[in-house]
Amino acid sequence: MLNPKRRNAILGYINKIGQKTFDEDDVKLLLMEVRELVDQNSFTKELGHFIAHPERGKGLCFDEINYFVTVINQRQDEGNIYFSDNSDINSIEAPIFKLLTDQALHKLVSKTRKRLGKKSIKSKDELANLVNDCYTLDPSKKYYILTKKENTFKLLELFKACLHYTLVAPLTTGEEIIKDFNHQVSRLYKTHMKGFKYNDEIAQNQNDLIVCIFSLLQSADFTTYNKKKAKFIISHEPENREQATKLYDDPDSQFNDLKESLLKEKIQLYLLFDLAGLDNALGTVSFIPSGVTLGDYLTQVDIDPIINSWLNFRSKTQATDWSISLENDILKDCYTQRDKDGKLMLMVNHLDYT
């Protein structure tokens, strides 16, 4: 059993969630209370660590970010894979080699077995042993050198399959985060809070909690293995990208169509990072998407000045990108707050694009 003070704190936060009176500060405090009580490898534990230490240098997401940066910065041809540090399949920098034999193989095996069954591919450890057997760490311990050249084609096929799975799939989804959060709290009640009943309050408030968690994660900053900066930023995914980037002759029609389009877009957590070898160039990837509709958390009062400002900028520059750039996205530095009726809303900055 937990000590009464800690138990009552958790009960208080869960009660606020059940009564729909919580905000992101309550979610933050709840995650910090439960992070040492949940499963070691759960995403809920990782979230708690993020909240406590927003400048991350280790953990599940830190490893995944390093891997995403590796994948985005690599290029391929028929006979090789080239990585951001100018290494290739014949000589792989040690941090990249670790990512390829850990996260990459784990993703490949888990996703392949999910689609095709357990017998469709060797285990992650078997594949890792195959790769390790083909390479030798050089005396400087900076690079892994391919010594079994006869296996080059097999390794190329294996690594390309790993990289493909990463490019087509995000880390997780907002809905999966809440599913794990709900499971971990339910388990905590059974193991540490006997006599108290948990009624799936977290699952019943899924969308509001996704928005709060995304808002909290905006404060997380990272330094990747190649000394580049990365951070999380909330943005939105156009439901109709063609409509979102279309240029109009009639400003009124453009205003109304963009307003309608914006309300239907889904809230995403993007990873924003420096592209290797390119100064002041930013790469982006949808790290954690969600099915939460932006229009459920913005009011008409929020939308009109945002679109007016953006359209003025667009008419001057002939820009076609709806969000201009993620650094100046309409959701940059947003936060959650309940309105006078108790509904959770996103509070946004009315950016001046001029």
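To be clear, the structure that these remarks concern was listed above.
Each value, and the rule that gives it
Residues numbered from 1 in each chain as written. Predicted model: local features only at pLDDT ≥ 70, side-chain atom pairs only at ≥ 80, totals over all residues. Heavy atoms only, no water. Phe/Tyr/Trp six-rings, centres within 6.5 Å; stacked < 30°, edge-to-face > 60°. Helix = DSSP H or I, 4+ residues; strand = E, 2+ residues; numbered from the N terminus. Buried < 20%, exposed > 50% of the residue type's maximum accessible area, 1.4 Å probe, protein only. Core = buried A, V, L, I, M, F, W, Y, C linked by side-chain atoms within 4.5 Å. Contact = heavy atoms within 4.5 Å. Pairing = 2+ DSSP bridges. Axes fitted to C-alpha atoms, helices over the stretch in contact; angles between N-to-C directions.

> For this particular structure, what's the right way to read the packing of aromatic side chains?
Each aromatic ring pair is characterised by the separation of its centres together with the angle its planes make. Counted by the stated rule, this structure contains three aromatic pairs. Between Phe97 and Tyr135, the ring centres sit 5.2 Å apart and the planes meet at 65 degrees, which makes this aromatic pair edge-to-face. In this pair, Phe97 sits in helix 5 (residues 94-116) while Tyr135 sits in strand 5 (residues 135-137), placing the two residues 38 residues apart along the sequence. Take Tyr135: its relative accessible area is 6%, and that puts it in the buried class. Look at Phe97 and Tyr144: their rings are 3.9 Å apart centre to centre, the planes differ by 10 degrees, and that puts the pair in the stacked class. With Phe97 in helix 5 and Tyr144 in strand 6 (residues 143-146), this residue pair connects regions lying 47 residues apart in the sequence. Residue class for Phe97 comes out buried when judged on its relative accessible area of 3%.

> Looking at this structure, I do not really get the nonpolar core. What am I missing?
Soluble globular proteins: nonpolar side chains tend toward being buried together. Ile10, Ile14, Ile202, Phe232, Ile267 and Leu346 are the most contacted members of the largest nonpolar core, which totals 61 residues. Among the elements that take part in this core, helix 10 (residues 206-217) stands out by supplying eight residues, more than any other. In this structure, Ile14 is in contact with Leu30, Val185, Tyr189, Tyr198, Glu201 and Ile202, ignoring residues within four places of it in sequence. Listed in part, the 28 residues of the second largest apolar core include Val71, Phe83, Ile121 and Phe159.

> Would you mind showing me how to read the pairing of strand 11 (residues 335-338) here?
Within a regular strand, side chains alternate between the sheet's two faces. Of the two faces of strand 11, only one is covered, namely that formed by Thr336 and Arg338; the face formed by Tyr335 and Gln337 stays uncovered. When strand 11 meets strand 12 (residues 344-347), the two strands line up antiparallel, connected through four bridges. Paired with Arg338 across the two strands is Leu344, which belongs to strand 12. Linking strand 11 back to strand 12 in an antiparallel pair, the connection comprises five residues, with Gly342 at a positive phi of about 90 degrees.

> How do you make sense of the sheet that holds strand 6 when you look at a structure like this?
Strand pairing within a sheet occurs via backbone hydrogen bonds; the two strands may be parallel or antiparallel. Ordered by their spatial adjacency, three strands build an open sheet running 4-6-5, and the pairing between neighbours is antiparallel. Two strands in the sheet have a free side with no partner beyond their single neighbour: strand 4 (91-93) and strand 5. Each adjacent strand pair in this sheet contributes to an overall mean axis angle of 25 degrees, direction not counted. Examined bridge by bridge, strand 4 and strand 6 share three bridges and lie antiparallel to one another. Residue pairing across strands places Ile92 opposite Tyr144, the latter belonging to strand 6. Of the strands in this sheet, strand 4, strand 5 and strand 6 touch helix 5, which is tilted by about 90 degrees from strand 4. Together, strand 5 and strand 6 form the strand contacts of helix 6 (residues 124-134), whose direction differs from that of strand 5 by roughly 65 degrees.

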